[in-house]
Amino acid sequence: MAQNKESKKQGLILFLSDTEEREGLLGKKNRKLLSDPLTDNNPITVQVLGICSALAITVQLKPAIVMSIAVMAVMAFSNMIISALRNLIPSRIRIIVQLVVVAALVILVDQVLRAYAYDVSKELSVFVGLIITNCIVMGRLEAFALGNGVYKSFLDGIGNAAGYAFILILVAFFRELLGAGKLLGFEVIPESFYEFGYENNGLMLLSPMALITVGIIIWVQRSRNRTLIEQN
Amino acid sequence: MDRNSNAYTFIFAIILVAVVASALAFAATNLQPAQAENVKQEKMQNILATVGIETTRDSAEALFNKYIVEQVALNDQGKERTDVDAFTVDLKKELKKPVEEQAYPLYVADVEGSQYYIVPLRGKGLWDAIWGYVALKDDVNTIKGAVFDHKGETPGLGAEITQGWFKKRFDDEKIMDESGNFIGVSVAKGYQGGDNKDDNAVDAIAGATITGDGVTDMISERLQRYLPYFKEKTNVKVAMQ
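Computed from a predicted structure; not experimentally measured. (Residues numbered from 1 in each chain as written. Chains lettered and ligands numbered in written order. Predicted model: local features only at pLDDT ≥ 70, side-chain atom pairs only at ≥ 80, totals over all residues. Heavy atoms only, no water.)

## Here's the deal with the overall build of chain B
Here comes step 1: Of regular secondary structure, chain B possesses six helices and eight strands.
Here comes step 2: Along chain B, from the amino end to the carboxyl end, the secondary structure elements read α-α-β-β-α-β-β-β-β-α-β-β-α-α.
Here comes step 3: By the compact-globule yardstick of 18 Å for 241 residues, chain B is too spread out, its C-alpha radius of gyration being 22 Å.
Here comes step 4: Projected onto the principal axes, the alpha-carbon positions of chain B cover approximately 90 × 45 × 35 Å.
Here comes step 5: Taken over 241 residues, chain B has a buried fraction of 44%.
Here comes step 6: Considering only residue pairs separated by 6 or more positions, chain B has 52% of its internal contacts joining residues 24 or more positions apart.
Here comes step 7: As displayed, chain B offers around 12,700 Å² of accessible surface, 53% of which is attributable to carbon and sulfur atoms.
Here comes step 8: Taking the average location of the 27 positive side-chain charges in chain B and that of its 36 negative ones, the two points are 3 Å from each other. (Helix = DSSP H or I, 4+ residues; strand = E, 2+ residues; numbered from the N terminus. Rg over C-alpha atoms; globule rule 2.2 N^0.38 Å. Buried < 20%, exposed > 50% of the residue type's maximum accessible area, 1.4 Å probe, protein only. Contact = heavy atoms within 4.5 Å. Areas by Shrake-Rupley, 256 points an atom, 1.4 Å probe, with all protein chains shown as cover. Lys, Arg positive; Asp, Glu negative; His and termini not counted. Charge placed at Lys NZ, Arg CZ, Asp CG, Glu CD.)

Laid out in structure tokens, this is it:
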């Protein structure tokens, strides 16, 4: 009986732990939630998640930026909703509940894009739908939102989406610049370069070069931070 | 209530689905007008693109009203139908009706004194529907320009039908042979004709055979419905000369 009481008490402490912690809105721990996924715990380069969409939509900067914003919105809100419901969700159907919430948010994003950014929505149509299956989204819901408070989950969602966005935009920057000589659709490589014999590298526009670009980013990151290298 | 009981699970699932469904329904209803406007402007842009007028979405409506001088809906005999508005005809729904009830929209453009007939197309690609518009010069034989679009063709292969370089291949192609019989334009695999415009064929996209065949079928299937109307038009012209 006493043991039972003790475990209940522990459960209560666990349940309250994140609300009990008193720290500023952007205290050290909260800041870490935002900054970690950008560097040492980046969802793409370290966890190697969400690669498929990173390959597909990084031909130009604009769709990459819109996709980043879409993923950020979906992750922030789905993390918040799941975190708010975490004590109500029956554990047997929690994955289905997560999927329903994510799918609903993705459909919302898709509808909003179709109304206010029609050209981009046509370009991204397939990939916006595929946010539902983006491993990063489900991964964060399962690993973080189910066990943490609403505000922390919000920060975690934003942080991870920003880490994803950072890589996406970086890859898109190099692919559009080297592949088409443009950034956001504007010519940035001066005409005189072409007169000297410079040519756009069409290979950069093909998907394999996205993989290679991501590979180079991973290489650079691991050579700067050796703790990330897996030991055999 | 026990969070692991069946009853709780069911009630939770039902409430969740009801909340999600009503939120989505609310959003879809509210965003619908803006979406419909986008679709309408895109249609205008596509129609104008076939006669070589590139527009932004915002100016599409003004230019459409300027250059499109006539919009008619025809029946399968090539006679004009007054009971339907050509612009709002949805070919997808139309093609499911019996032939006698179908309406075929036709847009007539007048660009700097030249008249063009613009015919909407609709057919099947490899995975899903493909559609587009083709503009004929006033001899109703030479293609002025064409645009194509698709729902789910493979990016890099079938989806390339939307690209400028593929659409350009249709410019100045003939849809009839030398004796005036309707043939259409076939998207030919292993095409050797180069820039030849008199063979009723264009070069296909490597790796997109079925989508290419879909384009061939769509052009011949849709255009032949307009033949009675075009014959009448050319006769009038001959008689006038």
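## What to know about the packing of helix 8 (residues 150-180) of chain A against helix 10 (residues 207-224) of chain A
All names here are of chain A.
Here comes step 1: Interaxial distance between helix 8 and helix 10 falls to 10 Å at its minimum, and their mutual angle equals 120 degrees. Comparing the axis directions of helix 8 and helix 10 gives the class oblique. In the crossing of helix 8 with helix 10, the sense of the turn from one axis to the other is right-handed. Contacts from I167, L170, V171 and R175 in helix 8 reach S207, A210, T213, V214 and I217 in helix 10.
Here comes step 2: For the contact of helix 8 with helix 10, the per-class residue count stands at six nonpolar, two polar and one charged. (Axes fitted to C-alpha atoms, helices over the stretch in contact; angles between N-to-C directions. Parallel < 35°, antiparallel > 145°, perpendicular 65-115°, else oblique. Left-handed = near helix turned anticlockwise from the far one by under 90°. Nonpolar A, V, L, I, M, F, W, Y, C, P; charged D, E, K, R; others polar.)

## Brief notes about the UniProt feature "modified residue: FMN phosphoryl threonine" (unreviewed entry) in chain B
All names here are of chain B.
Here comes step 1: Cross-referencing UniProt, the feature "modified residue: FMN phosphoryl threonine" (unreviewed entry) maps to T209 in the present numbering.
Here comes step 2: Turning to its location among the elements, T209 is positioned in helix 5 (residues 209-224).
Here comes step 3: Classification of T209 as partly exposed rests on a relative accessible area of 32%. (UniProt positions renumbered as here; feature names shortened; annotations may be inferred.)

## Details of the pattern of salt bridges
Pairing of side chains with opposite charge becomes possible as their charged atoms draw close.
Residue and element names in this part refer to chain B.
Here comes step 1: Within this structure, the stated rule accounts for 12 salt bridges over all chains.
Here comes step 2: One salt bridge in this structure joins K97 and E94, with 3.3 Å as the shortest N-O distance.
Here comes step 3: Residue classification places K97 among the partly exposed positions, given a relative accessible area of 35%.
Here comes step 4: With a closest N to O distance of 3.7 Å, D128 and K151 form a salt bridge. With D128 in the loop between strand 4 (114-124) and strand 5 (129-137) and K151 in the loop between strand 6 (143-150) and helix 4 (164-168), this residue pair connects regions lying 23 residues apart in the sequence. (Salt bridge = Lys/Arg side-chain N within 4 Å of Asp/Glu carboxyl O.)

## Examining the sheet that holds strand 2 (residues 80-81) of chain B
Residues and elements named next belong to chain B.
Here comes step 1: If you trace the six strands from one edge of the open sheet to the other, you get 2-1-3-4-5-6, paired in antiparallel fashion. In the strand order of this sheet, the two ends are held by strand 2 and strand 6, each with one partner.
Here comes step 2: With five bridges joining them, strand 3 (residues 104-111) and strand 4 adopt antiparallel strand pairing. Bridging from a neighbouring strand, V111 pairs with S114 of strand 4.
Here comes step 3: Along the sheet face, helix 1 (residues 6-50) touches strand 1 (68-74), strand 3, strand 4, strand 5 and strand 6 and points at about 145 degrees away from the line of strand 6.
Here comes step 4: The sheet strands contacting helix 5 are strand 3, strand 4, strand 5 and strand 6, and the helix crosses strand 4 at an angle near 125 degrees. (Pairing = 2+ DSSP bridges.)

## Details of the interface of chain B and chain A
It is common to give the size of an interface as the accessible area that goes away when the parts come together.
Here comes step 1: On the side of chain A, 22 residues touch chain B, which itself brings 21 residues to the contact.
Here comes step 2: Here chain B packs against chain A, burying approximately 1,900 Å² in sum over the two surfaces, 61% of which is carbon and sulfur.
Here comes step 3: In this structure, the connection of chain B to chain A is made through one salt bridge.
Here comes step 4: A:D119 is the salt-bridge partner of B:R57, the closest N and O atoms lying 2.4 Å from each other.
Here comes step 5: Connecting chain B to chain A are eight residue pairs in polar contact (both at pLDDT 80 or more).
Here comes step 6: When residues in the side of chain B that touches chain A are grouped by element, the largest group, 16 residues, is from helix 1 of chain B. (Buried area = accessible area lost by both parts, 1.4 Å probe. Polar contact = N/O pair within 3.5 Å; in protein donor to acceptor, adjacent residues only side chain to side chain.)

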